[in-house]
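Fold and geometry: a report
Residues per chain are reported as follows:
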Amino acid sequence: MLISPFPSQEGRRTAYKVFGSAATAPRRARAFVRCQLRGWELADLAETAELVVSELVTNAVRATDAVVSPPVASSMFPVALRTVALRVRVGPGRRSLFIEVWDVSDREPVPRGEVGGELGESGRGLVLVGSLARRWGHYSAPDRGKIVWCELAISPAEGARPSGAGVPAAGPGPRGRPGASAAALPRRVRRHPVGARADGPDEATLLRVLEGLRALDVSGPDR
């Protein structure tokens, strides 16, 4: 099993964490992202990032739990590893925040359902992500499984700190990989790697959802 399931990526503002595939994973992922963005002076983006991370990690947990033969720790200790992984990184020029979530399933993510009023359980994650993110997509992980990613725009006020001049912004690489080089060779071809931005709920609805998630963070049984 790889230490990190993500392709290597240079950059000082890059952080990742592995979580057990459990009901507590979304809560822990939200706390991790909130802490990282504060350290990077991007706290204004935290609410949107928390919502996106919560949905992507929830989907990753469900996808992992559905896998019949997950990877094992080693041949000597064949313990099934049911984990998901999260990486957040600031793109060149501090224009974008990339959020990437890995799960062991090779099944292609498909948005379903609608977002509005009462949020349904089935397929709500990608619809919500599509409404909040500048763009999103997925690609095959280097070892096994897939990585679903999205790009959040950093406002000029948040990204005001100077960075390297003349560095081009990261664009979608092969199969929609964020910031991948155009010369990189694809490992696997996906038919629809980049998702379209969707119309979603208004800001007040999103804030209510986030307040509900944070209330669960406080009152959850596993703290």
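Here, every reference points to the structure presented above.
We now turn to the structure provided with this report. (Residues numbered from 1 in each chain as written. Predicted model: local features only at pLDDT ≥ 70, side-chain atom pairs only at ≥ 80, totals over all residues. Heavy atoms only, no water.)

What to know about the overall build of the protein chain
Counting its secondary structure elements, the protein chain contains four helices and six strands. Secondary structure elements in the protein chain, listed N-terminal to C-terminal, are β-α-α-β-β-α-β-β-β-α. Looking at the 223 residues of the protein chain, the share that counts as buried comes to 48%. A separation of at least 24 residues holds for 69% of the contacts in the protein chain among residues at least 6 apart in sequence. Total accessible area on the protein chain stands at roughly 11,700 Å², and carbon and sulfur atoms take up 54% of it. (Helix = DSSP H or I, 4+ residues; strand = E, 2+ residues; numbered from the N terminus. Buried < 20%, exposed > 50% of the residue type's maximum accessible area, 1.4 Å probe, protein only. Contact = heavy atoms within 4.5 Å. Areas by Shrake-Rupley, 256 points an atom, 1.4 Å probe, with all protein chains shown as cover.)

A short note on helix α2 (residues 46-65)
A rise of 1.5 Å per residue sets the reference length of α2, with its 20 residues, at 28 Å; its end C-alpha atoms lie 28 Å apart and thus fit the reference within 8%. A large share of α2 lies buried, amounting to 15 of its 20 residues. (Expected span 1.5 Å × (residues − 1).)

Concerning the pattern of salt bridges
According to the stated counting rule, one finds six salt bridges in the structure shown. For the salt bridge of Arg34 with Glu50, the shortest nitrogen-to-oxygen distance reads 2.7 Å. Of this pair, Arg34 sits in helix α1 (residues 25-39) while Glu50 is found in helix α2, placing the two residues 16 residues apart along the sequence. Note on Glu50: relative accessible area 0%, which makes it buried. Of the charged contacts, one joins Glu100 and Arg89 as a salt bridge, the two residues approaching to 3.3 Å between their closest N and O atoms. Here Glu100 is found in strand β3 (residues 96-103), whereas its partner Arg89 is found in strand β2 (residues 83-90), with 11 residues between them in sequence. (Salt bridge = Lys/Arg side-chain N within 4 Å of Asp/Glu carboxyl O.)

Description of α1
Each full turn of the α-helix corresponds to 3.6 residues, which orients residues three or four apart in the same direction. Between its terminal C-alpha atoms α1 stretches 21 Å, which fits the 21 Å expected from 15 residues at 1.5 Å a residue. Where α1 is concerned, the buried positions are Ala25, Pro26, Arg27, Ala29, Arg30, Phe32, Val33, Arg34, Gln36 and Leu37. With its phi angle positive at about 60 degrees, Glu41 sits one or two positions after the end of α1.

A short note on the nonpolar core
If you look at the biggest cluster of nonpolar residues, it comprises 36 residues, and the most contacted ones within it are Leu37, Leu56, Leu86, Leu97 and Ile99. Counting only elements with at least two residues in this core, the list comes to β1 (14-20), α1, α2, β2, β3, α3 (124-132) and β5 (146-153). With nine residues, α2 is the largest single contributor of residues to this core. (Core = buried A, V, L, I, M, F, W, Y, C linked by side-chain atoms within 4.5 Å.)

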